[in-house]
Amino acid sequence: MCDTQVILRDGVTWLAKNSDREPSEAQYVVRLPAVRGDRSTMVRLTYQTVPQVSDRHAVILSKPFWIWGAEMGVNDQGVAIGNEAIFSKLIDREKESLLGMDLLRLGLERGDTAEAALRVITGLLEQFGQGGPAGYRDKSFRYDNSFLIADAQQAWVLETAGQHWAAKKLEHGACCTHWAISNCLTL
């Protein structure tokens, strides 16, 4: 099991994640610079091609070496995202579309706040869906995704099943707000 948690306390946001990928699957930590004025119209993700945007935020990602997206990351606007595998009855066992890790990276590259990243992810999910082999060696391993998306002001829990999603906003309270996600639905 892997887990992601967020703590909002005294105006500070903490996001942490661990990973349980396959033992032989290397994860890279990569830094990608901001892009301004890119003229590319499309971008090839792990399995799907989607429209590209001309301006993208710089990101630091922890990513399996063979996947375009990432398990966790942060952008130059202070948005951080971690994702988890969840297992719903809507998992597509056939098509290859967006992986949750692709959605995570797109949210970081395109979102300047946690809420904006949430809109990026849900918009692409509704348009293209999710699916595809998510295991390095085990190509039958498929899942839907949950995400914790945070910035300095707020955090969001986002859970997906097929092209459907639900989200809950977490805000700094009088003392402390804490939320954790693992490999099951919580909303």
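Everything here concerns the structure above.
Quick notes on the rules
Residues numbered from 1 in each chain as written. Predicted model: local features only at pLDDT ≥ 70, side-chain atom pairs only at ≥ 80, totals over all residues. Heavy atoms only, no water. Core = buried A, V, L, I, M, F, W, Y, C linked by side-chain atoms within 4.5 Å. Buried < 20%, exposed > 50% of the residue type's maximum accessible area, 1.4 Å probe, protein only. Helix = DSSP H or I, 4+ residues; strand = E, 2+ residues; numbered from the N terminus. Contact = heavy atoms within 4.5 Å. Polar contact = N/O pair within 3.5 Å; in protein donor to acceptor, adjacent residues only side chain to side chain. Pairing = 2+ DSSP bridges. Phe/Tyr/Trp six-rings, centres within 6.5 Å; stacked < 30°, edge-to-face > 60°. Lys NZ or Arg CZ within 6 Å of the ring centre and 35° of its normal. 1 Å grid on protein atoms, 1.4 Å probe; cavity = no way out; pocket = protein on both sides within 12 Å on 5 of 7 lines; lining within 4 Å. Points joined across faces, edges and corners; volume = space filled by probe spheres on them. Nonpolar A, V, L, I, M, F, W, Y, C, P; charged D, E, K, R; others polar. Salt bridge = Lys/Arg side-chain N within 4 Å of Asp/Glu carboxyl O.

(A) Structural view of the nonpolar core. Of all hydrophobic cores here, the largest spans 26 residues; its most connected members are I81, F147 and I149. For this core, the elements supplying multiple residues, two or more each, are β6 (59-64), α1 (100-110), α2 (114-128), β9 (144-150) and β10 (154-161). Ignoring sequence-local partners within four residues, the contact set of I149 consists of V79, A80, I81, A114, A117, L118, I121, Q154, A155, W156 and L158.

(B) Highlighting the side chain of N83. Mapping N83 onto the fold places it in strand β8 (residues 80-86). Residue N83 is classed as buried on the basis of its relative accessible area, which comes to 2%. A distance of 2.9 Å separates polar atoms of two side chains, one belonging to N83 and the other to N145. The contacts of N83, once residues within four sequence positions are left out, are T4, K17, A70, E71, G100, M101, L104, N145, S146 and F147.

(C) Region of interest: the pairing of strand β11 (residues 164-171). In the sheet, β10 pairs with β11 via 8 bridges, with the strands oriented antiparallel. Note on β11: the bridge partner recorded for W156 is K169. Counted along the chain from β10 to the antiparallel partner β11, the turn is 2 residues long, and its residue G162 has a positive phi close to 60°.

(D) Representation of the packing of aromatic side chains within the structure. Tallying each qualifying case throughout the model produces 6 aromatic pairs. Ring centres of F87 and F141 lie 6.2 Å apart, and the angle between their planes is 45°; this geometry places the pair in the tilted category. Of the two residues, F87 is situated in the loop between β8 and α1 and F141 in the loop between α2 and β9; the sequence distance between them amounts to 54 residues. Taken together, the aromatic side chains of Y28, F65, W66 and Y136 make up a single cluster linked through ring pairs. A cation sits over an aromatic face here: R105 above W68, 3.8 Å from the ring centre.

(E) Just the layout of surface pockets, in detail. In this model, the largest pocket occupies a volume close to 160 Å³. What lines the largest pocket is a set of 17 residues, and nearest its centre among them are D20, R21, A85, F141 and Y143. In terms of residue count, β8 provides more of the lining of the largest pocket than any other element does, 3 residues in total. Classifying every residue of the lining of the largest pocket gives 8 nonpolar, 3 polar and 6 charged.

(F) Fine view of empty space enclosed by the protein. In total, this model carries 1 cavity of 30 Å³ or more according to the counting rule given. Here the largest cavity is characterised by a volume of approximately 30 Å³. Along the walls of the largest cavity sit L98, L99, G100, Q130, G131, G132, A134, Y143 and N145, which together make up its complete lining. Its residues assigned to classes, the lining of the largest cavity comprises 4 nonpolar, 5 polar and no charged.

(G) Focus on the pattern of salt bridges. Across all of its chains, the model carries 6 salt bridges by this definition. With a closest N to O distance of 2.9 Å, D38 and R56 form a salt bridge. Taken as a pair, D38 in the loop between β3 (27-32) and β4 (42-44) and R56 in the loop between β5 (49-51) and β6 lie far apart in primary sequence, 18 residues in all. Close ionic contact of R105 with E109 constitutes a salt bridge, the shortest N to O distance being 2.9 Å. Here R105 and its partner E109 are both found in helix α1, 4 residues apart, which amounts to about one turn of the helix. Residue class for R105 comes out buried when judged on its relative accessible area of 11%. One salt-bridge network, in which partners are shared between bridges, spans K17, E71 and E84.

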